[in-house]
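Analysis of the macromolecular model
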Amino acid sequence: MRRVNVAVIQACPVLFDSEATIARVQELTGRAAEEGAQLVLLPEAFVSGYPKGLDFGARIGSRTESGREMFRRYWDGAINVPSASTKELGRIAREANVYLVIGVIERDSGTLYCTVLFFAANGQLLGKHRKLMPTAMERIIWGFGDGSTMPVFNTPHGRIGAIICWENYMPLLRTHMYEKGIQIYCAPTVDDRENWLSSMRHIAVEGRCFVLSANQYLTRADCPENYEGLEDLPPETVLIRGGSCIVDPIGRVLAGPYVKGPTILTAELDLDEI
């Protein structure tokens with residue numbers, strides 16, 4: 001039997017601070033490795049944040065100065081690929097001896113992209129996937145992937161790929177992954193609705209693959225004090241409630257969904273079930 005131990009990390013980044021967030025990635029990945037994980041998945045936009053609730057002062061035909069400044073902060077928290085930041089993420093994967101799949105905000109020329117990076121257990125950056133279709137208001141801050149980054153990697157732990165959040169509602173993109181023989185389908189997200197689990201179970205059955213979904217758990221207290229528009233919310237207010245899960249190829253839920261706080265979900269996958 002071919003077995004692999006996987007971990008899905010549900011946590012929040014340090015918003016707008018890639019250096020501090022990557023330090024958090026090191027701590028969380030180390031904890032997952034101590035629990036035996038060989039493959040670790042972190043949420044969408046983990047480095048360095050999903051700006052839940054912000055509008056960056058954007059109105060049709062205008063932009064506020066405070067919104068421009070907030071976007072500059074968001075830009076500063078993004079990372080180039082490759083860069084010193086990706087080398088650091090590779091080092092984390094290598095020292096933990098895990099395959100690492102992580103959502104980042106990628107900065108390229110004048111555009112930000114919602115991207116997933118893939119690292120081998122030796123620290124090599126295997127490649128990336130850029131979100132093809134940002135959802136709704138995401139389109140004012142993220143560019144569109146052009147379809148050239150839709151990889152499935154053949155690893156010692158199975159064939160691994162990723163589709164981000166509401167991209168999972170694009171049937172032809174899912175079909176592309178199935179055609180490539182994906183076995184461990186990673187779905188980093190910020191969708192914390194109850195019906196997200198239904199989608200993950202459907203995809204597992206449709207694609208006859210294991211599905212790993214990692215979501216953030218974010219409260220008002222995790223955000224900067226001057227988080228525009230949310231300043232008056234109580235610190236305990238939950239902005240993203242998680243719901244991470246692991247599902248097998250016939251739709252059985254192996255772990256999660258968990259919505260009570262940060263967590264690390266683990267499972268042993270038997271690839272022969274595929």
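The structure reproduced in this document is the subject of the present report. Along each chain, residue indices are assigned from 1 in the same order as the chain's sequence is written. Owing to the predicted nature of the model, reporting of local features is limited to residues with pLDDT of at least 70; listing and counting of side-chain atom pairs is limited to 80 or more, with chain, interface and lining totals taken over all residues. With hydrogens and water stripped out, all remaining heavy atoms of the structure feed into the side-chain values.

**Structural notes on the overall build of the chain**
Going along the chain from the N terminus, every DSSP run of H or I of four or more residues is numbered as a helix, and every run of E of two or more is numbered as a strand. Helices and strands together make up the secondary structure of the chain, namely five helices and 16 strands. Taken over the C-alpha trace, the chain has a radius of gyration of 18 Å; the compact-globule value for 274 residues is 19 Å, and the two agree within 12%. C-alpha atoms of the chain, sized along the principal axes, occupy 60 × 35 × 35 Å. With 274 residues in all, the chain has 58% of them scored as buried. Throughout, a residue-residue contact means that at least one pair of heavy atoms, one from each residue, lies within 4.5 Å. Restricting to contacts in the chain with at least 6 residues of sequence separation, those with at least 24 account for 68%. Put simply, the chain shows about 11,500 Å² of open surface, and 50% of that area lies on carbon and sulfur atoms. Under the counting rule used here, the positive set is Lys and Arg, the negative set is Asp and Glu, and His together with the chain ends is not counted. One atom stands in for each charge, and that atom is NZ of Lys, CZ of Arg, CG of Asp or CD of Glu. Averaging the locations of the 28 positively and 33 negatively charged side chains of the chain gives two centres separated by 4 Å. Each radius of gyration reported is based on C-alpha atoms, and the globular scaling rule is 2.2 Å times the count of residues to the power 0.38. Whether a residue is buried, partly exposed or exposed follows from its accessible area with a 1.4 Å probe, protein chains only, as a fraction of its type maximum: under 20%, in between, or over 50%, in that order. Under the convention used here, a 1.4 Å probe and the Shrake-Rupley method define accessible areas, while residue burial counts only the protein chains that appear.

**Structural notes on the pattern of salt bridges**
By convention in these notes, a salt bridge is any Lys or Arg side-chain nitrogen within 4 Å of a carboxyl oxygen on Asp or Glu. Within this structure, the stated rule accounts for 18 salt bridges. Among the ionic pairs, K128 bridges to E106, the shortest N-O distance being 2.7 Å. Here K128, found in strand β7 (residues 125-130), pairs with E106, found in strand β5 (residues 99-108); they are 22 residues apart in sequence, far enough to count as distant. When the shortest N-O distance is used, the salt bridge between E138 and K131 registers 2.9 Å. By relative accessible area, which is 1% here, K131 ends up buried. Among the ionic contacts, a cluster of salt bridges with common partners joins E106, D108, K128 and R130.

**So, the environment of L172**
Position of L172 relative to the elements: it lies in helix α4 (residues 171-179). Exposure remark for L172: the relative accessible area of 71% places this residue in the exposed category.

**Here's the deal with the sheet that holds β7**
Two strands are said to pair when DSSP picks up at least two bridges between them. Spatial ordering of the open sheet is given by β7-β6-β5-β2-β1-β16, a layout of six strands whose pairing is mixed. Two strands close off the open sheet at either side, each with one partner strand: β7 and β16 (263-270). This sheet shows a mean twist of 30 degrees between the axes of neighbouring strands, independent of strand direction. To obtain an axis, a line is fitted to C-alpha atoms, over the contacting stretch when the element is a helix, and the angle between two such axes runs from 0 to 180 degrees between their N-to-C directions.

**Side note on empty space enclosed by the protein**
A pocket here means an open set of points on a 1 Å grid, computed over the protein atoms alone, that has protein on both sides within 12 Å along at least five of seven lines. A cavity is instead a set of points where a 1.4 Å probe fits but cannot get out; residues with an atom within 4 Å of a point line either one. Grid points are joined across faces, edges and corners, and a volume is the space filled by probe spheres set on the points. The final tally for this structure, using the stated rule, is one cavity of 30 Å³ or more. Space inside the largest cavity adds up to approximately 30 Å³. As for the largest cavity, its lining consists of Y99, V101, F118, F119, L126, F153, T155 and I160. Broken down by secondary-structure element, the contributors of at least two residues to the lining of the largest cavity are β5, β6 (111-119) and β8 (152-155). Residue type decides the class: Asp, Glu, Lys and Arg count as charged, Ala, Val, Leu, Ile, Met, Phe, Trp, Tyr, Cys and Pro as nonpolar, and the leftover types, Gly among them, as polar. Across the lining of the largest cavity, the residue classes tally to seven nonpolar, one polar and no charged.

**A few points about the packing of aromatic side chains**
One pair of aromatic rings is described through two measures. These are the centre distance and the angle between the planes. The rule is short: rings of Phe, Tyr and Trp, with Trp giving its six-membered ring, pair when the centres are within 6.5 Å, and they are stacked under 30 degrees, edge-to-face over 60, tilted in between. Summed over all chains, the structure comprises eight aromatic pairs. Where Y50 meets W142, the ring centres are 5.8 Å apart and the plane angle is 65 degrees; that geometry is what we call edge-to-face. Of the two residues, Y50 sits in the loop between β2 (39-41) and β3 (58-59) while W142 sits in the loop between β7 and β8, which places them 92 residues apart along the sequence. The interplanar angle of 45 degrees and the centroid separation of 5.7 Å between the aromatic rings of F56 and Y74 together place this pair among those described as tilted. Here F56 is found in the loop between β2 and β3, whereas its partner Y74 is found in helix α2 (residues 65-76), with 18 residues between them in sequence. Like Y74, F56 is buried. Members of the aromatic cluster, connected to one another through ring pairs, are F16, F56, F71 and Y74. By definition here, charges over rings are those cases where NZ of Lys or CZ of Arg is within 6 Å of the ring centre and within 35 degrees of the ring normal. We note R63 situated over the ring of F71; from NZ or CZ to the ring centre the distance is 5.8 Å.

**Details of the side chain of T149**
Mapped onto the fold, T149 is located in the loop between β7 and β8. Separated by 3.0 Å, the side chain of T149 and the backbone nitrogen of R130 make a polar contact. In protein, a polar contact means a hydrogen-donor-capable atom and an acceptor-capable atom, both N or O and within 3.5 Å, with residues adjacent in sequence counting only if both atoms are side-chain atoms; elsewhere, any N or O pair within 3.5 Å suffices.

**As for the packing of helix α1 (residues 18-34) against helix α3 (residues 84-96)**
Packing of α1 against α3 brings their axes to within 9 Å, and their N-to-C directions diverge by 15 degrees. Taken together, α1 and α3 sit at an angle that is classed as roughly parallel. Considering how the two elements wind past one another, α1 and α3 form a crossing that is right-handed. Counting all contacts with α1, which are made through I22, V25, Q26, T29 and A33, the residues of α3 involved are S85, E88, L89, R91, I92, E95 and A96. A breakdown of the residues in the contact of α1 with α3 according to their chemical character gives six nonpolar, three polar and three charged. Each angle is binned into one of four classes, with values under 35 degrees roughly parallel, values over 145 roughly antiparallel, values of 65 to 115 roughly perpendicular, and all other values oblique. Two helices crossing with the near one rotated counterclockwise from the far one by less than a right angle form a left-handed crossing, whereas a clockwise rotation gives a right-handed crossing.

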